[in-house]
Amino acid sequence: QVQLVESGGGLVQAGGSLRLSCAASGTIFSINAMGWYRQAPGKQRELVAAVTSGGTTNYADSVKGRFTISRDNAKKTVSLQMNSSKPEDTAVYYCHADIQINWWGGRGDYWGKGTLVTVSS
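This write-up is about the structure you can find in this document. (Residues numbered from 1 in each chain as written. Predicted model: local features only at pLDDT ≥ 70, side-chain atom pairs only at ≥ 80, totals over all residues. Heavy atoms only, no water.)

Right, let's get into a nonpolar patch on the surface. Among the surface-exposed residues, Phe29, Trp103 and Trp104 lie close enough to one another that they form a single nonpolar patch of about 470 Å² accessible area. The topology assignment puts Trp103 in the loop between strand S9 (91-100) and strand S10 (107-111). (Patch = residues over 30% accessible without salt bridge, like charges linked within 9 Å, V, L, I, M, F, W, Y side chains within 5 Å. Areas by Shrake-Rupley, 256 points an atom, 1.4 Å probe, with all protein chains shown as cover. Salt bridge = Lys/Arg side-chain N within 4 Å of Asp/Glu carboxyl O. Helix = DSSP H or I, 4+ residues; strand = E, 2+ residues; numbered from the N terminus.)

The structure is reproduced here in structure tokens:
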């Protein structure tokens, strides 16, 4: 029922900017944390950035100062503004959300299908 749909991936030259967006839809009681993860070939999936419903953010050291995460609670969206991109940012980026689908249930992890970001040198 819950879907997370990413958009905005593509090819960008090193130093350039890209903006990823993710929209949550379906049966949702509340969304707690939302974030972006990435996975490069041969590597583990890693947290890029996350933001709580109250606006507290957390960034991986490798992207701090270059990427900015933001969310719109009313629209149930989260975005990642990627500036000063580097070739090592190349990966599939996945949207993640910690969602409670009804008031009596617990929270669960939901994932988008991913969007590819390629940074060329």
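Here we take up the nonpolar core. Core analysis: the biggest nonpolar cluster contains 30 residues, and Trp36, Leu80 and Tyr93 have the highest contact counts within it. Listing elements by their share of this core, those giving two or more residues are strand S3 (18-25), strand S4 (30-39), strand S5 (46-51), strand S7 (67-72), strand S8 (77-82), S9 and strand S11 (115-120). With five residues, S9 is the single largest residue contributor to this core. Look past the residues within four positions of Leu80 in its chain and what remains in contact with it is Leu18, Arg19, Leu20, Trp36, Val48, Ala49, Phe67, Thr68, Ile69 and Tyr93. (Core = buried A, V, L, I, M, F, W, Y, C linked by side-chain atoms within 4.5 Å. Buried < 20%, exposed > 50% of the residue type's maximum accessible area, 1.4 Å probe, protein only. Contact = heavy atoms within 4.5 Å.)

Our focus in this paragraph is the side chain of Glu6. Examined against the element boundaries, Glu6 turns out to sit in strand S1 (residues 3-7). Reaching out from Glu6, the side chain makes a polar contact with the backbone nitrogen of Gly114 at a distance of 3.1 Å. Not counting residues within four places of it along the chain, the set of residues in contact with Glu6 comprises Ser21, Cys22, Trp36, Tyr93, Tyr94, Cys95, Gly112, Lys113, Gly114 and Thr115. (Polar contact = N/O pair within 3.5 Å; in protein donor to acceptor, adjacent residues only side chain to side chain.)

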